[in-house]
Structures are given as C-alpha cells and as structure tokens.
Amino acid sequence: MLEQIQPFQAQLVAVSKTKPAESIQALYDAGQRIFGENYVQEMVEKEGLLPKDIQWHFIGHLQSNKVKYIAPFVSMIHGIDSFKLLAEVNKQAAKHNRVIDCLLQVHIATEETKFGLNEEELTAVLEQAATLTNVRIAGLMGMASNTDDLDQVRGEFRRMKELLTAMEAKFFPGAGTFRELSMGMSGDYTIALEEGSTLVRIGSLLFGARNYA
Ligand SMILES: *Cc1c(COP(=O)(O)O)cnc(C)c1O
C-alpha cells in the first residue's frame, strides 16, 4: 500500500479506532507516525499509553463539549463541520498556547447521513474563520458515497479538489497553506490519490476488519 501512496506524495493516516494499543505500537515500530481515531475517550487513552511523537489525527464527528480533552495534544482535526466547533477548538487551543491544524468537512456524497458543509456553508465558515488565531485551516476533508459506482466516487473526489482550488483562490491566495485534501479510505483510496488526495485515511486494510461487538 505504501508503494501505491508514495508516488503521489500523500500521507497515510492509519485509522486505528477500536484497535488495541499493541496494534498501533506494532505499526509505529514499522515507522508509521500518523494515527487517526474517531472517539475522544479512546484517543485520549491511547495517547497516554503510546509514544509521544505520534501525530494524532481526530477523524470522527467531534462534539464541542469534548474538544477540551484532545486540545492538549491533537495534531489535526479532520471533521470540522460548523463555525461553532471551529471557535471552540480555537478557544481550547489558546489555553494550551497551541495552533491546531483543522480541515473543514465538506458534504460530497449523495447520502443524507454523512456530515459536512455545502459550498455556501463552507464559504461562510471560511469568512468567519479569519479572526481565529489558534487554528490553522489546512484544507478539506470528505467521504465519498458508499457505492460500487466508481465513476460517481471519482466525480465526488474531483468536486472536492475543485472546491479546494476555488476556496484557496478566494481566501488564501498565494499563501500555500490551504492545500490538504483528506479523502480516500480502504475501499477507494487509489481513486482518491488519482484525484489529488494528500491524506488517505486507511483502517481495515491495515489492521483487518473492525469488530464493534
Ligand atoms: C473508519 C474511518 C476510516 C477508515 O475506514 P476503512 O474503510 O477501514 O479504511 C476513514 N475515515 C473515517 C472518517 C472513518 O470513520
């Protein structure tokens, strides 16, 4: 898998939710440093057990009242889907004298259930975000539709890249800071890479299937 990712210069986020610390340590020993978690309590517990140079990426749906638990150490938050949440991350980051990298989650899939901002909401959040000093908006995150129609998946990823380019031109011209595209999971990461992903979030392909029971 790394051989497939490297030519695209994208980074691998190893999604370790529900997996024990030993499994993370094994991948760490093989050189992996970026790990993604979906649940606050689980991420906090693992952070306490594992090496301090791990970069923890929060990729789940984050509730405002839980930001304070991950603010001391989280490296990047992928799923920002409201200004209210972004403002809370900014507030908690300031308490720790930190600037936290954030990605805005956009809604690209056809399913109603997936979280995320539409273009209008994305624009509104970026306008308001200009005043925040303890978050750095590094790009966009999205999940494609869960479908066998690979053309549709590709089209959704392409749409994300277009949004990134448009928003960069409008809000960060020439800065080079708004560049990350977090897209692609075990089932669709090769398409995501072809469409410009810079962060693929891969779980089951690395750790095996998850057992939620
Ligand atoms: C669980 C999860 C992943 C990883 O999914 P796999 O199909 O196991 O690779 C990626 N992104 C998000 C947001 C997730 O919740």
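This text goes with the structure placed above it.
Residues numbered from 1 in each chain as written. Predicted model: local features only at pLDDT ≥ 70, side-chain atom pairs only at ≥ 80, totals over all residues. Heavy atoms only, no water.

**Looking at the overall build of the protein chain**
What the protein chain contains, in helices and strands, is 9 helices and 8 strands. Against the 2.2 N^0.38 benchmark of 17 Å for 213 residues, the protein chain shows a C-alpha radius of gyration of 16 Å, consistent with a compact globule. Its C-alpha atoms put the protein chain at 45 × 45 × 35 Å along the principal axes. Here the protein chain holds 213 residues, and 49% of them are scored as buried. Within the protein chain, contacts between residues at least 6 apart in sequence are counted, and of these 57% link residues at least 24 apart. Of the roughly 10400 Å² that the protein chain leaves accessible, carbon and sulfur atoms contribute 49%. When the 21 positive and 27 negative side-chain charges of the protein chain are each reduced to one mean point, those points stand 6 Å apart. (Helix = DSSP H or I, 4+ residues; strand = E, 2+ residues; numbered from the N terminus. Rg over C-alpha atoms; globule rule 2.2 N^0.38 Å. Buried < 20%, exposed > 50% of the residue type's maximum accessible area, 1.4 Å probe, protein only. Contact = heavy atoms within 4.5 Å. Areas by Shrake-Rupley, 256 points an atom, 1.4 Å probe, with all protein chains shown as cover. Lys, Arg positive; Asp, Glu negative; His and termini not counted. Charge placed at Lys NZ, Arg CZ, Asp CG, Glu CD.)

**Some words on the packing of aromatic side chains**
Using the criterion set out here, one finds 2 aromatic pairs in the structure. Relative to Trp 56, the ring of Phe 35 has its centre 6.3 Å away and its plane inclined at 45 degrees; by these criteria the two rings are tilted. Residue Phe 35 is located in strand E2 (residues 34-37), and its partner Trp 56 is located in strand E3 (residues 55-58); the two are separated by 21 residues in the primary sequence. Both residues of the pair, Phe 35 and Trp 56, count as buried. Between Arg 33 and the ring centre of Tyr 28, over which it is positioned, the NZ or CZ distance is 3.5 Å. (Phe/Tyr/Trp six-rings, centres within 6.5 Å; stacked < 30°, edge-to-face > 60°. Lys NZ or Arg CZ within 6 Å of the ring centre and 35° of its normal.)

**Looking at the nonpolar core**
By size, the foremost hydrophobic cluster in this structure holds 51 residues, and its most contacted members are Ile 70, Ile 77, Leu 86, Leu 104, Leu 122 and Leu 140. Considering each element in turn, this core owes the most residues, 6 residues, to helix H7 (residues 150-171). In this structure Ile 77 touches Phe 58, Leu 62, Ile 70, Val 89, Ile 100, Asp 101, Cys 102 and Leu 103, once residues within four positions along its chain are discounted. (Core = buried A, V, L, I, M, F, W, Y, C linked by side-chain atoms within 4.5 Å.)

**A word on the site of the ligand**
Around the ligand, the surrounding shell holds 13 residues, and the nearest of these are Lys 17, Asn 38, Ser 186, Gly 203 and Ser 204. A distance of 2.7 Å separates an oxygen atom of the ligand from a polar atom in the side chain of Asn 38. Ser 186 places a side-chain nitrogen or oxygen 2.5 Å from an oxygen atom of the ligand. If the ligand stood free it would expose 390 Å²; the protein chains cover 90% of that surface. In the shell around the ligand, the residues fall into 6 nonpolar, 4 polar and 3 charged. (Near = heavy atom within 4 Å. Polar contact = N/O pair within 3.5 Å; in protein donor to acceptor, adjacent residues only side chain to side chain. Nonpolar A, V, L, I, M, F, W, Y, C, P; charged D, E, K, R; others polar.)

**What to know about the pattern of salt bridges**
Scanning the entire structure with this criterion turns up 10 salt bridges. Close ionic contact of Arg 33 with Asp 53 constitutes a salt bridge, the shortest N to O distance being 3.2 Å. One end of the pair, Arg 33, is in the loop between helix H2 (21-29) and E2; the other, Asp 53, is in the loop between helix H3 (40-49) and E3, and 20 residues separate them in sequence. Using a relative accessible area of 41% as the deciding quantity, one classes Asp 53 as partly exposed. Taking the shortest distance from any N to any O, the salt bridge between Arg 158 and Glu 195 comes out at 2.9 Å. Placement of the pair is Arg 158 in helix H7 and Glu 195 in the loop between helix H8 (189-194) and strand E8 (199-202), with a sequence separation of 37 residues. (Salt bridge = Lys/Arg side-chain N within 4 Å of Asp/Glu carboxyl O.)

**Remarks on the environment of Ser 64**
Mapped onto the fold, Ser 64 is located in the loop between E3 and helix H4 (67-70). With 34 residues separating them along the chain, Ser 64 and Ala 30 place their C-alpha atoms 34 Å apart. Among residues more than four places away in sequence, those in contact with Ser 64 are Lys 84, Leu 85 and Glu 88.

**Section: H2**
Along H2, the residues that are buried comprise Ala 21, Ile 24 and Tyr 28. In an axial view of H2, the angular spread of the buried residues amounts to 60 degrees, which keeps them on one side of the axis. Exposed residues lying more than 90 degrees from the buried face of H2 are Glu 22 and Asp 29. On its buried side, H2 packs onto E2, H3, E3 and helix H9 (204-207). Just downstream of H2 lies Gly 31, where phi reads positive at about 115 degrees. (Arc of directions from axis to C-beta.)

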